[in-house]
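# Structural overview for review
For reference, the chains in residue letters:
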Amino acid sequence: MPTASPNAKEPVLVAFGNAVRAARAAVGISQEELAHLSGIDRSYLGAIERGEQNAGLLHLARIADALGVKLAELTVDAGL
């Protein structure tokens, strides 16, 4: 399991993680499937969804692409 970011549970990270989780649920795929489609580890994706990781732009872009949405949409959905 990845080590939590020093910024874990910051409101911005939690909001973004919730937006990812909601988008994933809307397309009806599991964390494992999204992780596979994104090319990232499932435990890392779980940590992003829980607001425990301050993911890099490349990972965020891959997640958005795998969900079939623009990264900007996830940001707006997170209220950022």
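Here, the structure is the one placed above.
The following paragraphs examine the structure supplied in this document. (Residues numbered from 1 in each chain as written. Predicted model: local features only at pLDDT ≥ 70, side-chain atom pairs only at ≥ 80, totals over all residues. Heavy atoms only, no water.)

We now examine the pattern of salt bridges. For the structure shown, the criterion picks out three salt bridges. Taking the shortest distance from any N to any O, the salt bridge between Arg24 and Glu49 comes out at 2.7 Å. Placement of the pair is Arg24 in helix H1 (residues 11-27) and Glu49 in helix H3 (residues 42-49), with a sequence separation of 25 residues. Comparing Arg24 with Glu49, the two get one shared label, buried. Taking the shortest distance from any N to any O, the salt bridge between Glu52 and Arg50 comes out at 3.1 Å. Residue classification places Arg50 among the partly exposed residues on the basis of a relative accessible area of 28%. A single salt-bridge network, built from bridges that share partners, covers Arg21, Arg24 and Glu49. (Salt bridge = Lys/Arg side-chain N within 4 Å of Asp/Glu carboxyl O. Helix = DSSP H or I, 4+ residues; strand = E, 2+ residues; numbered from the N terminus. Buried < 20%, exposed > 50% of the residue type's maximum accessible area, 1.4 Å probe, protein only.)

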